[in-house]
Amino acid sequence: MKYLTVLLILMAVSIPFINTLVTGPDIKSGDDWTVPSWATITTNSGFFSEETTASVNINVGVFDIAWKQINPSKDVYTYTTTATIKDMPFSSFNSQNSTTKSFWMRIWNSGINWAPTWIQTYCSVGSIGKDYDGDGHLPIWNQCVWGEIKKMYSHADLNMRADPRLKFIYVPGAFNWCEFDFTEIGNYSTTTGYSYTSFNIWFQQAMQDLVDIFGPYSYKLVYTGEDYPFDVDSWPSGKNLLAKDAVSKGMGIRNGITEIFNFHLSQIPAYGVTIDTNTGYLQFNKSWILQSNPNRVIGTENECYNDCGYTVASGNIYYAVKMSNLKALQMGVNWLYLVASTSYLSTYPDFYNWIRYSLGKQSTNGFDAWVTLRNAQDTYWSSDNSLNWPGKPYIKNLETNLLQRDIKGGAYTKNGSTKKTNIYGGNSDLGISYEGRQTDLATGNNTMSFFVDDQFSFGTISNIQIKVTYLDLQSSQWLIRYKDNNNTISNTTIVTVGTSNTYYTATFNFTSIQFTNSITTGRNADFEIINIGSKDIEILFVRVVKLSFSSTSSSSSVTATASATTTTSSSSSSSLVNDNSEINKDVPNVTSILSTSFILILLLLLLILI
């Protein structure tokens, strides 16, 4: 009976100290791309390519037509003629149109060999120059040429705008691969003096013409130019916003080279992504018309890792694939061009499954929020002084609905130990990347602060996972500091870091957690990673996962940020306070709780036995 009494007392004493709101950490090697079972594919999203490959979920193939193929004579249209462009055979319009599957379209317009032969005589035009493949092109801004292109787009039998099989169409169908590069335009401008003013008058009207032709289906139009175009350096700054102008008129947009994920992709206003010139972090404008309209197409292409003249060493393939696709998601992409072989879909199935479920997600319907911690050069800005920010040309982090910010009072971070450079062989555009962020104990900074987008989750939330990918670099310890549903600041179990120099992902499961911007006065984070060891820790990636669908309970529609307390990393270290003492004083961790419980149990046992 005495021992039963002891057991009951032991249980009674221990129960208050068992935290049933959080379990873990569950540790696995490498990245963790688990998708919760309730997640669904966004309707207007997917993988597309030249041809479908169902085994890797590329389900939308191309419908390619050359202008000459369907409009062989002025005002004459035919649907049974084939063509060959760039050694690619194009089946007839009727043949391609017989499919029951979804497709995307390109109408190849500007090439000398793409356009009908009669157009040069009728409009008195010739080649303005050749692209990098050696193909000559027509001046599509010529009033006569553009007038005939408009007719072709407007022709009743070709206007497939309302067809539900048509997901989107690349426009205006000009220059190499129908990608509206400015190389040919710039060369023509240099040779003839063709001015920005003349081009801009045509451009604004031409984009409006296409929007008018597609009417209520203009969201299917995808402008293939880019922000801050190359090869027209002498033109005024208005050229930098032409892509944004096209989007403003009602179009979608696509980028063709996010494989080079650091370069020329930080200041992209057409996507609603801009550089915060006060901090060097990226700003994402959720209310921008492209991002806020779920019908719009936001595209990019990621297939040129060991193709298109690029070369990536085998040891860097996963890194290049991962970072380019994380960049695509950070841009809000919902349609991703991939090639089954050269995009390595079968090599990284778990990663691409996560990507497929993530495409097109917004803060209000996403199943996770994430941040990859890094500091990377955008070398495009090395010689462009139109924008300046602390640390230029380095850009901090890639973020979707989860922000990390360096904040005074113990939460400054420093570059991680992993330096990436020369990823694409001799191509230097990608620059230098420092992947991961470290605490900086030497200057009193033992904390990393994180902020969940209020529209993703705000208030007391049930069934949440926090996944932290860290480098097993040097012996130390860390934990997550959070607020539970009782409004109590708590700590998770400790993660012990070793010296294997490999990446691990620690997963914590929260039955209930509060995201109310109330962790640590002055920082007002949603949760923090605290280094309680004697050496710096290195964190690469943090993901907040909803294990079940829950609507936002936010009382505010404003995204949580740390702007009120964010300062630059150049602040004096004398103003920083090491938070270890605060943690040990205010929030007992699991180890100390269990130690206290054990001591109390021993004392009670001793009293009973006496």
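Read on for a plain summary of the structure. (Residues numbered from 1 in each chain as written. Predicted model: local features only at pLDDT ≥ 70, side-chain atom pairs only at ≥ 80, totals over all residues. Heavy atoms only, no water.)

1. So, the packing of aromatic side chains
Part 1 of the reasoning: Across all of its chains, the model carries 62 aromatic pairs by this definition.
Part 2 of the reasoning: Pairing Phe450 with Phe527 gives two aromatic rings, centres 5.2 Å apart and planes at 10°, and the pair type is stacked. Highlighted residues: Phe450 in strand β19 (residues 447-452) and Phe527 in strand β25 (residues 527-531), separated in sequence by 77 residues. Like Phe527, Phe450 is buried.
Part 3 of the reasoning: With a centroid separation of 4.9 Å and 75° between ring planes, the pair formed by Tyr482 and Phe510 is classed as edge-to-face. With Tyr482 in strand β21 (residues 476-483) and Phe510 in strand β24 (residues 503-515), this pair connects stretches of sequence that are 28 residues apart.
Part 4 of the reasoning: For Phe510, a relative accessible area of 2% gives the class buried.
Part 5 of the reasoning: Above the face of the Tyr319 ring, Lys420 is positioned so that its terminal group lies 4.7 Å from the ring centre.
Part 6 of the reasoning: Looking at Lys546, its charged tip hangs above the ring of Phe456, at a distance of 4.3 Å from the centre. (Phe/Tyr/Trp six-rings, centres within 6.5 Å; stacked < 30°, edge-to-face > 60°. Helix = DSSP H or I, 4+ residues; strand = E, 2+ residues; numbered from the N terminus. Buried < 20%, exposed > 50% of the residue type's maximum accessible area, 1.4 Å probe, protein only. Lys NZ or Arg CZ within 6 Å of the ring centre and 35° of its normal.)

2. A closer look at the sheet that holds strand β7 (residues 166-171)
Part 1 of the reasoning: Around the barrel, eight strands lie side by side as β2-β3-β6-β7-β8-β9-β12-β13; this closed barrel has parallel pairing. Going across the sheet, the axis of each strand differs from the next one's by a mean of 30°, ignoring polarity.
Part 2 of the reasoning: Across three bridges, strand β2 (residues 46-48) lies against strand β13 (residues 335-337) in parallel orientation. Paired with Gly46 across the strands is Trp335, a residue of β13. (Pairing = 2+ DSSP bridges. Axes fitted to C-alpha atoms, helices over the stretch in contact; angles between N-to-C directions.)

3. Examining the state of the cysteines
Part 1 of the reasoning: Counted according to the given criterion, the structure contains two disulfides.
Part 2 of the reasoning: Cys123 shares a disulfide with Cys144; S-S distance 1.9 Å. An S-S torsion of about -65° defines the bridge between Cys123 and Cys144 as left-handed. Within this pair, whereas Cys123 is found in helix α4 (residues 118-123), its partner Cys144 is found in helix α5 (residues 143-154), the two being separated by 21 residues in sequence.
Part 3 of the reasoning: Owing to a relative accessible area of 7%, Cys123 belongs among the buried residues under this scheme.
Part 4 of the reasoning: Across the disulfide from Cys304 sits Cys308; the S-S distance is 1.8 Å. Torsion about the S-S bond of the Cys304 and Cys308 cystine: about -60°, corresponding to left-handed handedness.
Part 5 of the reasoning: Among the residues examined, Cys304 registers a relative accessible area of 5% and is labelled buried.
Part 6 of the reasoning: Each bonded cysteine of the protein chain gets a number by its place in the sequence, and the pairs then read 1-2, 3-4. (Disulfide = S-S within 2.5 Å.)

4. Overview of the pairing of strand β20 (residues 459-471)
Part 1 of the reasoning: Most of β20 is tucked away: ten of the 13 residues are buried.
Part 2 of the reasoning: Across twelve bridges, the pairing between β20 and β24 is antiparallel. Across the sheet, the residue bridging to Leu471 is Tyr503, located in β24.
Part 3 of the reasoning: As judged from the eight bridges shared by β20 and strand β26 (residues 538-546), these two strands associate in the antiparallel manner. Among the inter-strand pairings, Ile464 is bridged to a residue of β26, identified as Lys546.

5. Side note on the pattern of salt bridges
Part 1 of the reasoning: Enumeration over the complete set of coordinates arrives at 22 salt bridges.
Part 2 of the reasoning: The shortest N-O distance in the salt bridge between Lys86 and Asp133 comes to 3.0 Å. Highlighted residues: Lys86 in the loop between β4 (83-85) and β5 (88-90) and Asp133 in the loop between α4 and α5, separated in sequence by 47 residues.
Part 3 of the reasoning: According to the relative accessible area criterion, Asp133 is partly exposed, its value standing at 42%.
Part 4 of the reasoning: Notably, a salt bridge pairs Glu528 with Arg523, separated by 2.6 Å at the nearest N-O pair.
Part 5 of the reasoning: Here the salt bridges do not stand alone but share partners, grouping Lys74, Asp75, Glu148 and Lys151 into one network. (Salt bridge = Lys/Arg side-chain N within 4 Å of Asp/Glu carboxyl O.)

6. As for the nonpolar core
Part 1 of the reasoning: Of all hydrophobic cores here, the largest spans 111 residues; its most connected members are Phe180, Phe199, Tyr223 and Trp354.
Part 2 of the reasoning: By residue number, the principal contributor to this core is helix α7 (residues 196-214), which donates ten residues.
Part 3 of the reasoning: If sequence neighbours within four positions are ignored, Tyr223 has contacts with Val171, Pro172, Phe180, Phe182, Phe203, Met207, Ala243, Ala246, Met251, Gly252, Ile253 and Arg254. (Core = buried A, V, L, I, M, F, W, Y, C linked by side-chain atoms within 4.5 Å. Contact = heavy atoms within 4.5 Å.)

7. As for unusual backbone geometry
Peptide bonds are mostly trans, and most non-glycine residues show a negative phi.
Part 1 of the reasoning: Note that the residue after Gly24, namely Pro25, is joined by a cis bond; omega there is 10°.
Part 2 of the reasoning: Note that Pro25 resides in strand β1 (residues 22-29).
Part 3 of the reasoning: With an omega of 10°, the peptide bond between Val171 and Pro172 qualifies as cis.
Part 4 of the reasoning: Looking at the secondary structure, you find Pro172 in the loop between β7 and α6 (183-192).
Part 5 of the reasoning: Positive phi outside glycine occurs at Cys308, with the angle close to 60°.
Part 6 of the reasoning: Take Cys308: it is sitting in the loop between β12 (298-301) and α10 (317-330).
Part 7 of the reasoning: The backbone phi angle of Asn524 is positive, close to 55°, even though this residue is not glycine.
Part 8 of the reasoning: Mapping Asn524 onto the fold places it in the loop between β24 and β25.

8. With respect to the environment of Ser476
Part 1 of the reasoning: Mapped onto the secondary structure, Ser476 falls in strand β21.
Part 2 of the reasoning: Classification of Ser476 by relative accessible area gives buried; the value is 6%.
Part 3 of the reasoning: Within the local environment of Ser476, its side chain forms a polar contact with the side chain of Asn531, the two groups lying 3.1 Å apart.
Part 4 of the reasoning: Within polar-contact distance, the side chain of Ser476 engages the backbone oxygen of Lys535 at 2.6 Å. (Polar contact = N/O pair within 3.5 Å; in protein donor to acceptor, adjacent residues only side chain to side chain.)

9. Side note on the environment of Met448
Part 1 of the reasoning: The topology assignment puts Met448 in strand β19.
Part 2 of the reasoning: Residues within four places of Met448 in sequence aside, it is in contact with Leu373, Thr413, Arg437, Gln438, Thr439, Phe527, Glu528, Ile529, Ile537 and Ile539.

10. Description of helix α8 (residues 242-249)
Think of an α-helix as turning once every 3.6 residues; residues three or four places apart then point the same way.
Part 1 of the reasoning: For α8, every residue scored as buried is listed here: Leu242, Ala243, Ala246 and Val247. For α8, the angular spread of buried residues about the axis comes to 145°, placing them on one side.
Part 2 of the reasoning: Where α8 is buried, its residues meet α7, β8 (221-223), β9 (252-255) and α9 (289-292).
Part 3 of the reasoning: Looking one or two residues beyond α8, the residue adopting positive phi is Gly250, at roughly 130°. (Arc of directions from axis to C-beta.)

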